[in-house]
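Analysis of the macromolecular model
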Amino acid sequence: MRGSHDINGTMRLVCTTVGLIGLTAAVACAADIEVPGDYPTIQQALDAASDGMEIVVHPGVYHEAIDFGGRTVALVSSGGAAVTTIDGAGFATSTVKLGSGEGPETVLAGFTITGGTGTLRGFDFVGGGLYVNNVDLQLRDCVLEGNEADVGGGAWLLTSDAVIDRCVFRDNLATGLSTAGGGLFLSISSPMISHCRFENNEALSSGGAIGSNASDPVIRNCAFDGNIATHGAGMANLNSDPLLVGSTFRGNLADETYETNGGGIKSSMNSHPQVVNCILWDNVPSQIIDTGTSSTT
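It is worth spelling out the confidence of the model for the protein at this point. Mean pLDDT for the protein: 89, with 87% of residues reaching 70 or above. Mean pLDDT values over the elements of the protein span from 33, in strand E1 (residues 2-5), up to 99, in strand E13 (residues 112-114).

In structure tokens, the structure reads:
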């Protein structure tokens, strides 16, 4: 794979699409570094890379937990998430970690990310599958599943304006006692999230699929199905102003003890969500609960 840049300075990954494999298109790429051809592990490839390089990972299950270590690189699979897995089980940390000054051209695309248990921050383990601290990552065509942490079972973003596109968050668990985010937790972040699916994630407290704290995400054309939490099974907003457009919330389940627990979306403490052209049905015990001032059209 070779990278070029558009007029805005954003890296474009130049590859040839050769067919569909699972979630993503398989691509034929000329790589700066190949795994396992040049290095047997993804971490060894990252350690050898310089800023601006492209690392292409070929199909397989890679039993490791990786850290970008401040390198602004494109890490992309050649075969897609269905056949390329980073499995962090047994490493007692986040499966993928970024938080050492990586730049906005950092790309992670075409992987299943699983088995992570988070990175210790304060008193909580955060970001089971993916830990992002002050990095505007481009996350595309990835599946985050089977990860667990106190906060952000699937992924945890802090001060990040990431681009998250065509990703699946499923079967992740957050065990924290506040707004925890089973699939994804956002803190002081404004990511662009589009064409993603959030399925069967669980938070023992709030935010089964997404928990948002002091964040302004834009969420377009996403699906929230079968997520579970005590409050806000689909999405829980705290001091947040999300924009949700063209998305669906179906069959999400919050604690039925109180109608105000919010099966679909729950917003509180000065949150001002805008919900535009969205469909909510079969969410229990309620579709939208808003104790802030929302706008729904």
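Moving on, we come to the packing of aromatic side chains. Going through the model one piece at a time under the given rule, you end up with four aromatic pairs. Note on Phe-224 and Phe-249: the rings are 4.2 Å apart at their centroids and 5° apart in plane angle, and the pair reads as stacked. Taken together, the residues Phe-224 in strand E30 (residues 223-225) and Phe-249 in strand E34 (residues 248-250) connect sequence positions 25 residues apart. One exposure class covers both Phe-224 and Phe-249, and it is buried. Each member of the aromatic cluster is reached from another via a ring pair, and the members are Phe-169, Phe-198, Phe-224 and Phe-249.

Within the largest apolar cluster, 49 residues are counted, with the highest numbers of intra-cluster contacts made by Ile-42, Ile-55, Leu-108, Leu-130, Ile-164 and Leu-184. At the level of secondary structure, the elements contributing two or more residues to this core comprise strand E5 (33-35), helix H1 (42-48), strand E6 (54-57), strand E11 (96-98), strand E16 (130-133), strand E20 (155-158) and strand E24 (184-187).

The next thing to look at is the state of the cysteines. As used in these notes, a disulfide is a covalent bond between sulfur atoms, one from each of two cysteines. Per the counting criterion, the structure on display carries zero disulfides. Cysteine Cys-167 remains unbridged, with the sulfur of Cys-196 as its closest cysteine sulfur at 4.9 Å. For Cys-167, a relative accessible area of 1% translates into the label buried. Distance from the sulfur of Cys-222, which forms no disulfide, to the nearest cysteine sulfur (Cys-196) is 4.7 Å. According to the relative accessible area criterion, Cys-222 is buried, its value standing at 3%.

Rules of the game
- Each chain has its residues counted from 1, following the order in which its sequence is written.
- This being a predicted model, a pLDDT of at least 70 is required before a residue's local features are given, and a value of 80 or more before pairs of side-chain atoms are given or counted; all residues contribute to the totals for chains, interfaces and linings.
- To obtain the side-chain values, all non-hydrogen atoms of the structure were used and water was disregarded.
- Residue-level confidence of the predictor, termed pLDDT, takes values from 0 up to 100.
- Think of it this way: any DSSP run of H or I at least four residues long counts as a helix, any run of E at least two long counts as a strand, and we number them from the N terminus.
- In this analysis, rings of Phe, Tyr and Trp, with Trp reduced to its six-membered ring, are considered paired at centre separations within 6.5 Å, and the interplanar angle assigns stacked below 30 degrees, edge-to-face beyond 60, and tilted for intermediate values.
- Only protein chains enter the accessibility calculation, which uses a 1.4 Å probe; a residue is then buried when its area is under 20% of its type maximum, exposed when over 50%, and partly exposed in between.
- Definition of nonpolar core: a set of buried residues of the types Ala, Val, Leu, Ile, Met, Phe, Trp, Tyr and Cys, connected through side-chain atoms within 4.5 Å.
- The term disulfide is used for any two cysteine sulfur atoms that are within 2.5 Å.

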